[in-house]
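Architecture and fold: a report
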Amino acid sequence: MTATAQPTFPDIAGRIQQEVQRAIQRSIKGVEYFNSSAPVLGTTPKDVLASRGTMNLYHYRPLADEIYRVPLLIVMATTNRGYILDMVPGQSLIEFLLKRGFDVYMLDWSAPRPDEKNLRMEDYVLDFIPDCVRRVQEDSGVDDINIVGYCFGGVLSLLYASIFQQGPLRNLVCFTTPIDFRQMTLFQNFSDKRYFDVDQLVDGVGNVPPELILSSFEMLRPASRAVSQVQLWENIWNDEYVKSYRMFDRWATDTLPLAGEYFRQITKDLMWGNKLYEGTMTVGGYPADLSKITVPLLHAVAEHDHIVPYDAARHLIAKIGSAEKEEVILKGGHVSLVAGANAVKRLWPKLDSWLSERSV
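Described below are features of the structure shown in this document. Note that this is a predicted model, so its numbers are computed, not measured. (Residues numbered from 1 in each chain as written. Predicted model: local features only at pLDDT ≥ 70, side-chain atom pairs only at ≥ 80, totals over all residues. Heavy atoms only, no water.)

**Description of helix 3 (residues 121–140)**
Compared with an ideal rise of 1.5 Å per residue, which puts 20 residues at 28 Å, helix 3 spans 27 Å between its outermost C-alpha atoms and is within 8% of the ideal. Taken together, the buried positions of helix 3 are M121, E122, Y124, V125, F128, I129, P130, D131, C132, V133 and V136. (Helix = DSSP H or I, 4+ residues; strand = E, 2+ residues; numbered from the N terminus. Expected span 1.5 Å × (residues − 1). Buried < 20%, exposed > 50% of the residue type's maximum accessible area, 1.4 Å probe, protein only.)

**Some words on the pattern of salt bridges**
Considering all chains together, one arrives at 24 salt bridges under this definition. Counted as one network, the salt bridges with shared partners bring together R120, E122, D199, D203, E261, R264 and K268. (Salt bridge = Lys/Arg side-chain N within 4 Å of Asp/Glu carboxyl O.)

**Things to note about the packing of aromatic side chains**
Overall, the coordinates contain 9 aromatic pairs when judged by the stated rule. Relative to Y262, the ring of F152 has its centre 6.2 Å away and its plane inclined at 90°; by these criteria the two rings are edge-to-face. With F152 in helix 4 (residues 152–163) and Y262 in helix 10 (residues 260–272), this pair connects stretches of sequence that are 110 residues apart. Since its relative accessible area comes to 12%, F152 is described here as buried. Each member of the aromatic cluster is reached from another via a ring pair, and the members are W109, Y124, F128, F152 and Y262. Geometry around Y277 places K319 over its ring, the cationic atom sitting 4.2 Å from the centre. Across the ring face of W354, the terminal group of R358 is positioned such that the distance to the ring centre comes to 4.2 Å. (Phe/Tyr/Trp six-rings, centres within 6.5 Å; stacked < 30°, edge-to-face > 60°. Lys NZ or Arg CZ within 6 Å of the ring centre and 35° of its normal.)

**Describing the packing of helix 3 against helix 4**
Between helix 3 and helix 4, the least distance of the axes is 10 Å, while the angle of their chain directions is 80°. The orientation of helix 3 relative to helix 4 falls into the category roughly perpendicular. The segment helix 3 lies against helix 4, with M121, Y124, V125, L126, I129, P130 and V133 engaging L156, S157, L159, Y160 and I163. The residue inventory of the contact of helix 3 with helix 4, partitioned by class, reads 11 nonpolar, 1 polar and no charged. (Axes fitted to C-alpha atoms, helices over the stretch in contact; angles between N-to-C directions. Parallel < 35°, antiparallel > 145°, perpendicular 65-115°, else oblique. Contact = heavy atoms within 4.5 Å. Nonpolar A, V, L, I, M, F, W, Y, C, P; charged D, E, K, R; others polar.)

**Looking at unusual backbone geometry**
Although it is not a glycine, C151 adopts a positive phi angle of roughly 55°. What makes C151 buried here is its relative accessible area of 13%. Backbone geometry at N274 places phi at a positive 50°, although glycine is not the residue there. Relative to the helices and strands, N274 resides in the loop between helix 10 and helix 11 (275–278).

**Remarks on the side chain of D352**
On the secondary structure map, D352 appears in helix 15 (residues 347–356). If near-sequence neighbours (up to four positions away) are discounted, D352 is found in contact with F96, R100 and F102.

**Examining the sheet that holds strand 6 (residues 169–175)**
Read across the sheet, 8 strands follow the order 1-2-4-3-5-6-9-10 without closing on themselves; strand pairing throughout is mixed. Every interior strand has two partners, whereas the edge strands, strand 1 (46–52) and strand 10 (325–330), have only one. For this sheet the average axis-to-axis angle between neighbouring strands, irrespective of direction, equals 15°. In terms of strand pairing, strand 2 (residues 55–60) meets strand 4 (residues 104–109) through 5 bridges, oriented antiparallel. When the bridges of strand 4 are listed, N56 appears paired with D108. (Pairing = 2+ DSSP bridges.)

**Quick look at the pairing of strand 5 (residues 145–150)**
Most of strand 5 is tucked away: 6 of the 6 residues are buried. Burial of the side chains of strand 5 extends over both faces: I145, I147 and G149 are buried on one face and N146, V148 and Y150 on the other. With 4 bridges joining them, strand 3 (residues 72–75) and strand 5 adopt parallel strand pairing. What sits directly across from L72, in strand 5, is N146. In the sheet, strand 5 pairs with strand 6 via 6 bridges, with the strands oriented parallel. When the sheet's bridge partners are listed, Y150 is paired in strand 6 with F175.

Here it is in structure tokens:
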């Protein structure tokens, strides 16, 4: 039997010195972290085509000599800022698409004003999205349009596509889009009608405050913020880690309030009634039947999505009426699917290859 070598005094002294130096480096970097300004995100050059209430329509300036014929409209979720898709150069889906030759527009959202508390689902599906589609057509000079919807932006895009069946939509892409809201487990518990009086909330406060929305997301992983801060301290000496942490942390906490009536409808029609899954959803009196959607569809879902679990998203392909439809399950979570190193290697190339042959 060979005896295990014991560390010598020089070895121990070297390790102690290494830990002391790392602690000093952490302290220096910690001071730099708290004294430095937040990262500047969403800097890809763009023009504001329209700004009306909570609606903002951007057109990004081209970065390629040749542009695909069919323009691309990205519809963001109503709780989040669109710069998650345009973080910094080299980590921006928008920049990637522009360099690949796509003509990119984005429907992004501002916080609804107190006087906009009465906005309803029909304002988003029958007004804001069609208005942006018309403006994209006028600006691009092309009738056809591709739409990409992220999270609840995907839900709004599906509702639009199911109602405007004869409209200009050429292709539809959804990222992490829930269909079966019964499988949104924690949100179901949060909004359980036995204990959650949505009418009292909306009638009392008007627009639903972002703190309530953010806390509902954080309850999905109660310890995640504490764990992430510990990990930040462990890696504070790593400039790239800190840069990435600050970008994603800023976006994650930059949550938007929701218009009160819109939130009431989401709770009653989707969380309680599960009407999108059941095929009984209507918007402004128009039936929103997913089986009526016939355009080519790509649905990208994340393998480890804790916000929209796969069981909540997996029924879209079966429900949709399109002959040409594809679901792709990629490693990552709800955010890392679309942004960060994971997305650069997986989702972005897939989106490029799928759209490029359908955008000419």
